[in-house]
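Chains, contacts and geometry: an overview
Each chain, letter by letter, is given below.
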Amino acid sequence: MTDPAPRSFFRDLSLPAIVAGFITVLVGFASSAVIVFQAAQAVGGGQAEIASWMWALGMGMGVTCIGLSLRYRVPVVTAWSTPGAAMLVVGATTLPMSDAIGAFVLAAVMGALAGFSGVFEKAMRRIPVSLASGMLAGVLLRFGLDVFVSVQAQPLLVLLMFATYLLGRRWLPRYAVIATLLVGVAVAAGKGLMQMEQVQLQMALPVFTLPTLSWAAVFGIALPLFIVTMASQNVPGVAVLKASGYDAPVSPVIGWIGVVNTALAPFGGYALNLAAITAAICMGRDVHEDPARRYTAAVSAGVFYLVIGLFGATVAAVFAAFPKELIATLAGIALLGTIGNSLAAAMREEAEREPALVTFLVTASGLSLAGIGSAFWGLVAGVITLLALRR
């Protein structure tokens, strides 16, 4: 008897979902790949190691996006830890590559244990939906603003993309973002903004590094990487799922991400986690009117991540060819619906309106303390406000 799951997936799949997956990867890669390259160089990596890191991260994100989204039928999108990479750039320059790899393995194992033990999920279940929605709106606010900030640099490109989106929302709402992408690429190509001359087909090869550990690596990389990844990445990632109406089984999701991360750490997979910003692209109304079918966008993103893993250098050049204003505008437009829904959900309950507003403002401020980003501190501030005002 054949398994009906593949037929079910292909029945649920749609062109907007595939495009949402592509935009997810485009935005995620273009916004922070340079930091990952710098992190690899900071621990002594050359071109071969950088390609291996991209291979490991691409494989890890691809496998987890596809496997977990198909398993639970919710849009589970994973990403590399951008704050973790930034931390490596600043604090790992004095350690050898093997010690850094050993720290990656240890941090990944701790992530798996935090997931499977249920400790992380129990803490997340105490966060009200209004605060999670306020945090999500605060995280995504910058992307909405960047649409109009980009007008200063490329007015024709941005205004034509925005006009295309408005017309698409009026006449063909499911294909509005697709049309916006096509118009943006056409205008950018016509103005000579696409830098395609650097693109060459080249496969990435994994490079295995035997892990070692030192006390400096444990306390200088492993523990900070674990804390930053869980607080700055996984907490917002779960909050995005919650704010979008998905009740995913958090414990096994976090646990399996940790398992995959552990297997790929010796090849440069330094930290994998739930995505927040890019995940929101896969959960918006432009993917599909039926929320139950939006998981196909996350699966599509996983396929594109696998391609990144196999052709790391080539994909890096392709994404680098897109002008930054096109990427910023595309991301902001794709997230408009999610920003609006998040603000509406955050302000819905009058008793929680002020705590949700505090969460939104702190998150949007970009505050960073102790190496942990504003999304975590926004939730902390919201919870404190909620407790202070609750009778």
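Now for a description of the structure that goes with this document. (Residues numbered from 1 in each chain as written. Predicted model: local features only at pLDDT ≥ 70, side-chain atom pairs only at ≥ 80, totals over all residues. Heavy atoms only, no water.)

1. Quick notes on the overall build of the protein
The helix and strand tally for the protein stands at 17 helices and two strands. Here the protein has a C-alpha radius of gyration of 20 Å; the compact-globule value for 391 residues is 21 Å, and the two agree. Taken along the three principal axes of its C-alpha coordinates, the protein extends 65 × 60 × 55 Å. Burial analysis of the protein (391 residues in total) assigns 55% to the buried set. At a minimum sequence separation of 6, the contacts of the protein that also span at least 24 residues come to 85%. Working note: accessible area of the protein is about 16,500 Å², and carbon and sulfur atoms make up 68% of it. (Helix = DSSP H or I, 4+ residues; strand = E, 2+ residues; numbered from the N terminus. Rg over C-alpha atoms; globule rule 2.2 N^0.38 Å. Buried < 20%, exposed > 50% of the residue type's maximum accessible area, 1.4 Å probe, protein only. Contact = heavy atoms within 4.5 Å. Areas by Shrake-Rupley, 256 points an atom, 1.4 Å probe, with all protein chains shown as cover.)

2. A short note on the environment of P249
Relative to the elements of secondary structure, P249 occurs in the loop between α10 (215-243) and α11 (250-264). Looking at P249, the relative accessible area reads 25%, which means it is partly exposed. For the pair P249 and I281, spaced 32 residues apart in sequence, the C-alpha to C-alpha distance is 20 Å. Not counting residues up to four positions away in its chain, the partners in contact with P249 are Y72 and E121.

3. Quick notes on a nonpolar patch on the surface
Where nonpolar side chains cluster on the molecular surface, the patch consists of L15, I18, L167, W171, L172 and Y175 and spans about 640 Å² of accessible area. Elements with a contribution of two residues or more to the nonpolar patch: α2 (15-42) and α8 (155-171). Tracing the sequence through the fold places Y175 in the loop between α8 and α9 (176-190). On the basis of relative accessible area, Y175 is assigned to the partly exposed category, the value being 37%. (Patch = residues over 30% accessible without salt bridge, like charges linked within 9 Å, V, L, I, M, F, W, Y side chains within 5 Å. Salt bridge = Lys/Arg side-chain N within 4 Å of Asp/Glu carboxyl O.)

4. Here's the deal with the nonpolar core
Residues W53, W80, F104 and Y270 are the most contacted members of the largest nonpolar core, which totals 114 residues. A per-element tally of this core places α2 first, with 12 residues. Sequence-distant contacts of W53, defined by excluding residues within four places in its chain, comprise V36, A39, A40, V43, L88, M97, F104, F267, G268 and Y270. (Core = buried A, V, L, I, M, F, W, Y, C linked by side-chain atoms within 4.5 Å.)

5. Considerations on unusual backbone geometry
If you check the backbone angles, R73 has positive phi at about 55 degrees while not being a glycine. Relative to the helices and strands, R73 is located in the loop between α3 (47-72) and β1 (78-80).

6. With respect to the packing of aromatic side chains
The full count for this structure, using the stated rule, is 12 aromatic pairs. Ring centres of W55 and F267 lie 5.6 Å apart, and the angle between their planes is 65 degrees; this geometry places the pair in the edge-to-face category. Taken as a pair, W55 in helix α3 and F267 in the loop between α11 and β2 (272-274) lie far apart in primary sequence, 212 residues in all. Among the aromatic residues, those joined into a ring-pair cluster are F9, F10 and Y295. Here the guanidinium or amino end of R142 rests over the ring plane of F143, the centre of that ring lying 4.4 Å away. Cation over ring: R170 sits above W171, and NZ or CZ is 4.5 Å from the ring centre. (Phe/Tyr/Trp six-rings, centres within 6.5 Å; stacked < 30°, edge-to-face > 60°. Lys NZ or Arg CZ within 6 Å of the ring centre and 35° of its normal.)

7. Some details on empty space enclosed by the protein
Applying the stated criterion across every chain, the model contains three cavities of 30 Å³ or more. Considered as a void within the structure, the largest cavity measures approximately 130 Å³ in volume. Along its surface, the largest cavity is lined by 16 residues, and A107, G111, T229, N261 and L272 are the ones closest to its centre. Elements with a contribution of two residues or more to the lining of the largest cavity: α5 (97-116), α10 and α11. Split by residue class, the lining of the largest cavity holds 11 nonpolar, five polar and no charged. One number sums up the size of the second largest cavity: a volume of about 100 Å³. As for the second largest cavity, its lining consists of 13 residues, of which P16, A20, V177, D286 and V287 are closest to the centre. Secondary structure elements with two or more residues in the lining of the second largest cavity: α2 and α9. Considering every element that reaches the lining of the second largest cavity, the biggest residue donor is α2, with four residues. (1 Å grid on protein atoms, 1.4 Å probe; cavity = no way out; pocket = protein on both sides within 12 Å on 5 of 7 lines; lining within 4 Å. Points joined across faces, edges and corners; volume = space filled by probe spheres on them. Nonpolar A, V, L, I, M, F, W, Y, C, P; charged D, E, K, R; others polar.)

8. A closer look at the side chain of Q154
Along the chain, the position of Q154 falls in the loop between α7 (129-149) and α8. Note on Q154: relative accessible area 14%, which makes it buried. Only 2.9 Å separates the side chain of Q154 from the side chain of K191, close enough to count as a polar contact. Not counting the four nearest positions on each side in its chain, Q154 is found in contact with K191, L193 and E325. (Polar contact = N/O pair within 3.5 Å; in protein donor to acceptor, adjacent residues only side chain to side chain.)

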